[in-house]
Amino acid sequence: VGRELLDKLVVVVIVMCSWDGEEYGLLGSTAYADKNAALIQKNVVTYINVDVGVGGKSLYADATHSLDNFIISVADDIIDPDTNKPLSQVWDKQISTLGSGSDFTSYIDHYGISVITFGFVGDSENGVYHSNYDSFHWMELYGDPDYVYHVACAQFWGLLTIRLVDAEVLPFQYTRTAQWLSESYQEALDVIQQNGGSNQVTLTDLQQAIKEFEAAAVTLEAAIAGGVQNLSALNSKLYLAERQFLGSGLPKRPYYKHVLQAPGLYLGYDSQSFPGVAQQARVQDWVQTQVQVQELAKHIRQAAAWLSS
């Protein structure tokens, strides 16, 4: 979903993509992003990803955390086929930090575009995924016999898109990001302490940067609640804020530029918050850990200034 201002008229464009080469290394989605880098960095509001749309009855979602509350609000209005209750009432509302293993990777990690990825999952131990049994026969007999969860998936996907397109004010809430930053700060502190770096690394500046970001987010949301005249400028500020978290690249992984989150170096698809700090702390390189702490604080402060501008 992207926006472009043409003669003071906001033109909203929905681009629907079906990527090739995902299993071979996210080839299609990465090639498209790199080929259209300038366009997508300027205009793309959010990338909505569906990889495994339906493999069971349980909704999962990973996302840029500024969109957490928006996702939950959409789940309020989609009915779970099995219980006939709103999805939000049968879902644990746990929205995880983005890792990797799917086509959103370039968009968040290299280009700083907010991402939502979701689907319906079942028992991950049943052995069907990526096997010869992963077939229409299995789906029609066991997975989703009446395809009702496929319908729910399409409804959820569609409603996310429509509400982004129709929003007068884009539904980013950076106070939620600030909350997640505080949680991630504690996780980073734990990693440093567990690896013997308690007296090797100073986190005061990082802690202060998070407080500045939180203050900026609170002030911005208060201003939005009070009414904003220049909606175009406000919406640009909201969707471009994520770009402020792009650095020069993580140690040994220059393509991964997002300083707040990345797939863990040794975690497979799972996410690592404050990845540069955690990566250097785990090898007990305290000089470079401090460098990563300062890089992280710089970009959090840069994002705070962006929200305040």
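Note that the structure is predicted; figures quoted are calculated from it, not measured.

Draft legend 1. Looking closely at the pattern of salt bridges. In this structure the tally under the stated criterion is 7 salt bridges. Among the ionic pairs, lysine 57 bridges to aspartate 82, the shortest N-O distance being 3.5 Å. Of this pair, lysine 57 sits in the loop between strand 3 (46-49) and strand 4 (58-63) while aspartate 82 sits in the loop between helix 3 (68-75) and helix 4 (87-90), and the two are 25 residues apart along the sequence. Note that aspartate 77 is salt-bridged to arginine 163, the shortest N-O span being 2.6 Å. Residue aspartate 77 is found in the loop between helix 3 and helix 4, and its partner arginine 163 is found in helix 7 (residues 148-166); the two are separated by 86 residues along the sequence.

Draft legend 2. Summary view of the environment of isoleucine 48. Here isoleucine 48 is to be found in strand 3. Expressed as a C-alpha distance, the spacing of isoleucine 48 and methionine 16, which sit 32 residues apart in the sequence, is 9.6 Å. If we skip the residues at most four places from it in the chain, isoleucine 48 touches Ile116, Phe118, Trp157, Leu160, Thr161 and Leu164.

Draft legend 3. Representation of the nonpolar core in the model. Core analysis: the biggest nonpolar cluster contains 65 residues, and Phe156, Leu206, Phe213, Phe274 and Ile300 have the highest contact counts within it. Excluding its chain neighbours within four sequence positions, the residues that come into contact with phenylalanine 274 are Leu181, Ser184, Tyr185, Ala188, Leu206, Ile210, Val259, Leu260 and Leu296.

Draft legend 4. Fine view of the state of the cysteines. One pass over the structure, following the stated rule, counts 0 disulfides. Among the cysteines around cysteine 17, which has no disulfide bond, cysteine 153 carries the closest sulfur, lying 16 Å off. A residue is classified by how much of its surface remains accessible, and cysteine 17, at 39% relative accessible area, is partly exposed.

Draft legend 5. Focus on helix 9 (residues 204-226). The terminal C-alpha atoms of helix 9 lie 33 Å apart, and with 23 residues this matches the ideal 33 Å at 1.5 Å per residue to within 8%. Inspection of helix 9 places Leu206, Ala209, Ile210, Phe213, Ala216, Ala217 and Leu220 among the buried residues, and these make up the whole buried set. Considering only its buried residues, helix 9 is in contact with helix 8 (174-194), helix 10 (231-240) and helix 12 (286-308). Immediately downstream of helix 9, the backbone of glycine 227 shows phi near 100 degrees, a positive value.

Draft legend 6. Layout of the sheet that holds strand 5 (residues 95-96). If you trace the 4 strands from one edge of the open sheet to the other, you get 3-6-4-5, paired in mixed fashion. Two strands close off the open sheet at either side, each with one partner strand: strand 3 and strand 5. When strand 4 meets strand 5, the two strands line up parallel, connected through 2 bridges. If you follow alanine 61 over to strand 5, its bridge partner there is isoleucine 95. Sheet strands touched by helix 7: strand 3, strand 4 and strand 6 (114-121). Its angle to strand 6, the strand with the most contacts, is close to 165 degrees.

Draft legend 7. Focus on empty space enclosed by the protein. As enumerated under the stated definition, the model contains 2 cavities of 30 Å³ or more in all. By volume, the largest cavity is sized at about 100 Å³. For the lining of the largest cavity, the residue count by class is 5 nonpolar, 7 polar and 1 charged. Approximately 30 Å³ is the volume attributed to the second largest cavity. Around the second largest cavity, the lining residues are Leu250, Val259, Phe274, Gly276, Val277, Gln292 and Leu296. Those elements that provide at least two residues to the lining of the second largest cavity are helix 11 (275-282) and helix 12.

Draft legend 8. Just the packing of aromatic side chains, in detail. Taken as a whole, this structure holds 11 aromatic pairs when the rule is applied. Measuring from ring centre to ring centre gives 5.4 Å for tryptophan 19 and tyrosine 32, while their planes differ by 55 degrees; the resulting arrangement is tilted. Remark: tyrosine 32 occurs in helix 1 (residues 27-35) and tryptophan 19 occurs in the loop between strand 2 (9-13) and helix 1; sequence separation between them is 13 residues. Taken together, a centroid distance of 6.4 Å and an interplanar angle of 80 degrees make the contact between tryptophan 180 and phenylalanine 274 edge-to-face. One end of the pair, tryptophan 180, is in helix 8; the other, phenylalanine 274, is in the loop between strand 8 (271-273) and helix 11, with 94 residues separating them in the sequence.

Draft legend 9. Looking closely at the packing of helix 3 against helix 7. In contact at an axis separation of 10 Å, helix 3 and helix 7 are set at 125 degrees when each is read in the N-to-C sense. Comparing their axes, helix 7 and helix 3 come out oblique. By crossing handedness, the relation of helix 3 to helix 7 is classed as right-handed. From helix 3, Phe70, Ile71, Ser73, Val74 and Ala75 reach across to helix 7, where they touch Phe156, Leu159, Leu160, Arg163 and Leu164. When grouped by side-chain class, the residues that make up the contact of helix 3 with helix 7 number 8 nonpolar, 1 polar and 1 charged.

Rules used in this analysis
- Residues numbered from 1 in each chain as written.
- Predicted model: local features only at pLDDT ≥ 70, side-chain atom pairs only at ≥ 80, totals over all residues.
- Heavy atoms only, no water.
- Salt bridge = Lys/Arg side-chain N within 4 Å of Asp/Glu carboxyl O.
- Helix = DSSP H or I, 4+ residues; strand = E, 2+ residues; numbered from the N terminus.
- Contact = heavy atoms within 4.5 Å.
- Core = buried A, V, L, I, M, F, W, Y, C linked by side-chain atoms within 4.5 Å.
- Buried < 20%, exposed > 50% of the residue type's maximum accessible area, 1.4 Å probe, protein only.
- Disulfide = S-S within 2.5 Å.
- Expected span 1.5 Å × (residues − 1).
- Pairing = 2+ DSSP bridges.
- Axes fitted to C-alpha atoms, helices over the stretch in contact; angles between N-to-C directions.
- 1 Å grid on protein atoms, 1.4 Å probe; cavity = no way out; pocket = protein on both sides within 12 Å on 5 of 7 lines; lining within 4 Å.
- Points joined across faces, edges and corners; volume = space filled by probe spheres on them.
- Nonpolar A, V, L, I, M, F, W, Y, C, P; charged D, E, K, R; others polar.
- Phe/Tyr/Trp six-rings, centres within 6.5 Å; stacked < 30°, edge-to-face > 60°.
- Parallel < 35°, antiparallel > 145°, perpendicular 65-115°, else oblique.
- Left-handed = near helix turned anticlockwise from the far one by under 90°.

Note that every value here comes from positions in space, so none of it alone points to a role or purpose.
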